[in-house]
Amino acid sequence: MATNPGPFHPADILIDERRRLYHQLFTTGDLANDILIVGDPRRVTKIADEFLDVNFEEDNRGLHTITGSTKEHGDRISLLTSGMGTPSLEIALVEAINEHEIDLETLTRREPPYPMINIIRVGTSGGIQRETEPGTLIITDYDIGLDNTGIFYQVPHPDRDSKVLERRVRKALNDAVPKGYRFKGDFRPYASRAHPDALKALVDAAQINGDNYKVGITASNAGFNANQGRNVLRIKPTIEDLPLLLERLDTGIPGQKIENNEMEASALFHVMWGLGYRAGAICVAIANRFHGTVNINYDQAMSNASRIGLTALHDLIKSSRPVYSP
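Predicted, not measured: the structure shown is a model, and the values here were computed from it.

> Sorry if this is basic, but what is going on with helix H1 (residues 41–51) here?
Owing to its 3.6 residues per turn, the α-helix brings residues three or four apart onto one side. Taken residue by residue, H1 has Arg43, Val44, Ile47, Ala48 and Phe51 as its buried positions. Across the axial projection of H1, the buried residues extend over an arc of 135°, all falling on one side. Exposed side chains of H1 directed beyond 90 degrees from the buried face belong to Arg42 and Asp49. The elements touched by buried residues of H1 are strand E1 (34–38), strand E2 (52–60), strand E3 (63–70), strand E4 (76–81), strand E7 (118–127) and helix H7 (299–319). Where H1 begins, the capping side chain belongs to Asp40, and its oxygen is found 2.9 Å from the backbone nitrogen of Arg42.

Now the structure itself:
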């Protein structure tokens, strides 16, 4: 993998006069190496109030950032807002990595080794499988990106199963587009994967806490409506009944089904895997797409998911090690 040492142009890494990164207004030392990332900026405040003693806080452009120490273990943790969708997540994620790897005074890359970055996404999602009750926690193993953010980063497949998953979803989506439709043949999903260490840490934490959880494949979508099979506009969707297609799809990975829809994990896993860092995701299924049921009163389930995420980060911190750039 090619590594650009810099110096970088100011238009490549935008910083203000206080050497703070443009979108999130943090600078060197403001972030922990261990991060919970969430979509909703209000969720940052809720998690911090329940679990952290705070020593840094910034809010800019709807991206709320808090760093503090966990009340249970004293781990230094940052809470980041990703916003909605992989385009917003990519901005937040790259700035977090730049705070870690780039000297913001000289805009050059620091010399490796870099300490390990561990990021757990805690979010909401829609359950795909008909037996999934709203409130179920879903821990992601593989992810199939139905967005296009990841394809701008050249990262190899994590393993053979990801190749199979990517190929099967691509064929299923393009076969489902009716003949004569403008975008038939144009779907290009990409597969990514949670880091096995992060996956194990999340599963272990869920087992300890006794929560109702499932492990499986997540579909990350580029939007919330037609992108996830919600046909609410006076425009035909390119693919009818997308949730049903995903529910029934043979993924080619033994024992794993597509369990949920969300909007961020694909690019998170893809970029972090390519850099040698560790990422995982746990999402509350607040709706069941097969039955059309929804529960938007999910505060307790989100608290449980956050607790599991922080427990997983604690376990990852204990096993963290330096990583070298390729």
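> What am I meant to see in a negative patch on the surface here?
Among the surface-exposed residues, Asp49, Glu50, Glu57 and Asp59 lie close enough to one another that they form a single negatively charged patch. Of all elements in the fold, only H1 and E2 reach the threshold of two or more residues within the negative patch. Inspection of the secondary structure puts Glu50 in helix H1. Its relative accessible area of 42% is what places Glu50 among the partly exposed residues.

> Would you mind showing me how to read the environment of Gly29 here?
Structurally, the position occupied by Gly29 is in the segment before E1. Judged by relative accessible area, which is 44%, Gly29 ranks as partly exposed. It is 8.3 Å that separates the C-alpha atoms of Gly29 and His100, two residues lying 71 residues apart in sequence. With sequence-adjacent residues up to four places away left out, Gly29 is seen in contact with Arg76 and Glu99.

> I keep staring at the nonpolar core and nothing clicks. Help me out?
Side chains of a nonpolar character, in soluble globular proteins, are inclined to be buried together. By size, the foremost hydrophobic cluster in this structure holds 33 residues, and its most contacted members are Leu36, Leu79, Ile120, Val122 and Ile282. Contributions of two or more residues to this core are made by E1, H1, E4, E7, strand E8 (137–145), helix H4 (196–209), strand E12 (278–288) and H7. Apart from residues lying up to four places away in sequence, Val122 is in contact with Leu36, Ile37, Val38, Arg43, Ile282, Met302, Ala305 and Ser306. Grouped together as the second largest cluster of nonpolar side chains are 32 residues, Leu80, Ile117, Ala279 and Val323 included.

> Would you explain a nonpolar patch on the surface in this entry?
There is a patch of nonpolar side chains on the surface, built from Ile151, Phe152 and Tyr153 and spanning about 330 Å² of accessible area. Along the chain, Ile151 falls in the loop between E8 and helix H3 (160–176).

> In this structure, what is going on with the environment of Pro10? I would like to understand it.
Within the secondary structure, Pro10 sits in the segment before E1. Along the sequence, Pro10 and Leu107 sit 97 residues apart, while their C-alpha atoms lie 7.9 Å from each other.

> Looking at this model, I keep getting lost on the packing of helix H2 (residues 86–101) against helix H6 (residues 265–275). Mind explaining?
Angle between the axes and distance between the axes are the two parameters that describe a pair of packed helices. Orientation of H2 relative to H6, taken along the N-to-C sense of each, is 30°, at an axis distance of 9 Å. Taken together, the axis directions place H2 and H6 in an arrangement best described as roughly parallel. H6 is crossed by H2, and the crossing has right-handed handedness. Residues Thr86, Leu89, Leu93 and Ile97 of H2 pack against Ser266, Ala267, Leu268, Val271, Met272 and Leu275 of H6.

> I tried to follow empty space enclosed by the protein on my own but got confused; where do I start?
Think of a ball as big as a water molecule: rolled over the atoms, this probe shows where empty space is left. What the rule picks out here adds up to one cavity of 30 Å³ or more. Estimates place the volume of the largest cavity at around 30 Å³. Lining the largest cavity are Leu31, Ala32, Asn33, Ile35, Ala96, Glu99, His100 and Ile117. A per-class count over the lining of the largest cavity returns five nonpolar, two polar and one charged.

> Where do I start with the packing of H4 against H7 in this structure?
Interaxial distance between H4 and H7 falls to 8 Å at its minimum, and their mutual angle equals 125°. Considering the angle they form, H4 stands oblique to H7. By crossing handedness, the relation of H4 to H7 is classed as right-handed. For the pair H4 and H7, the contacting residues are Asp197, Ala198, Ala201, Leu202, Ala205, Ala206 and Asn209 in the first and Arg307, Ile308, Gly309, Thr311, Ala312, Asp315 and Leu316 in the second. Looking at the contact of H4 with H7 residue by residue, the classes come out as eight nonpolar, three polar and three charged.

> Looking at this structure, how should I read unusual backbone geometry?
Peptide bonds are, in most cases, trans, and in most cases residues other than glycine have a negative phi. Here the bond from Pro112 into Pro113 is cis, since omega is 10°, no more than 30 degrees from zero. Tracing the backbone shows Pro113 in the loop between strand E6 (108–109) and E7. Here the phi dihedral of Leu107 falls at roughly 55°; this positive angle occurs in a residue that is not glycine. One non-glycine residue with positive phi stands out, namely Asp241, at about 55°. With respect to the element layout, Asp241 can be found in the loop between strand E10 (213–220) and helix H5 (242–248). Classification of Asp241 by relative accessible area gives exposed; the value is 52%.

Cut-off values and rules
- Here, residues in each chain are numbered from 1, in the same order as that chain's written sequence.
- Only residues with pLDDT of 70 or above have their local features reported here, since the model is predicted, and side-chain atom pairs are shown and tallied only from 80 upward, although totals for entire chains, interfaces and linings are computed over all residues.
- Side-chain numbers come from the whole structure's heavy atoms, not from hydrogens or water.
- The rule is simple: take the accessible area with a 1.4 Å probe, protein chains only, and divide by the maximum for that residue type; under 20% is buried, over 50% is exposed, in between is partly exposed.
- Under the scheme used here, helices are H or I runs from DSSP no shorter than 4 residues and strands are E runs no shorter than 2 residues, and both carry numbers assigned from the N terminus.
- Here the arc refers to the directions that run from the helix axis out to each C-beta atom.
- In this description, contact between two residues means that some pair of their heavy atoms is separated by no more than 4.5 Å.
- For this analysis, a polar contact is any N or O atom pair within 3.5 Å, provided that within protein one partner can donate a hydrogen and the other can accept it, and provided that sequence-adjacent residues contribute only side-chain to side-chain pairs.
- Two joining distances apply to patches: 9 Å for like charges and 5 Å for nonpolar side chains (Val, Leu, Ile, Met, Phe, Trp, Tyr), and every residue must have over 30% relative accessible area and no salt bridge.
- The protein chains shown are the only cover counted for residues, whose accessible areas, like all others here, come from Shrake-Rupley with a 1.4 Å probe.
- The term salt bridge refers to a pairing of a side-chain nitrogen on Lys or Arg with a carboxyl oxygen on Asp or Glu at a separation within 4 Å.
- Under this rule, positive means Lys or Arg and negative means Asp or Glu; His and the chain ends count for nothing.
- By convention, the charge on Lys lies at NZ, on Arg at CZ, on Asp at CG and on Glu at CD.
- Here, nonpolar core refers to any group of buried Ala, Val, Leu, Ile, Met, Phe, Trp, Tyr and Cys residues whose side-chain atoms link them within 4.5 Å.
- Comment: axis = line fitted to C-alpha atoms, over the contacting stretch for helices; angle = value between 0 and 180 degrees taken between N-to-C directions.
- Note on angle classes: values under 35 degrees are labelled roughly parallel, values over 145 roughly antiparallel, values of 65 to 115 roughly perpendicular, and the remainder oblique.
- Whether a crossing is left-handed or right-handed is set by the direction in which the near helix is turned from the far one by less than a right angle, anticlockwise for left-handed and clockwise for right-handed.
- A 1.4 Å probe that fits but cannot get out identifies a cavity on a 1 Å grid over protein atoms alone, an open set with protein on both sides within 12 Å along at least five of seven lines counts as a pocket, and a residue lines either if it has an atom within 4 Å of a point.
- Grid points are joined across faces, edges and corners, and a volume is the space filled by probe spheres set on the points.
- All residues other than Ala, Val, Leu, Ile, Met, Phe, Trp, Tyr, Cys, Pro, Asp, Glu, Lys and Arg, Gly among them, are scored as polar; the first ten of these are nonpolar and the last four charged.

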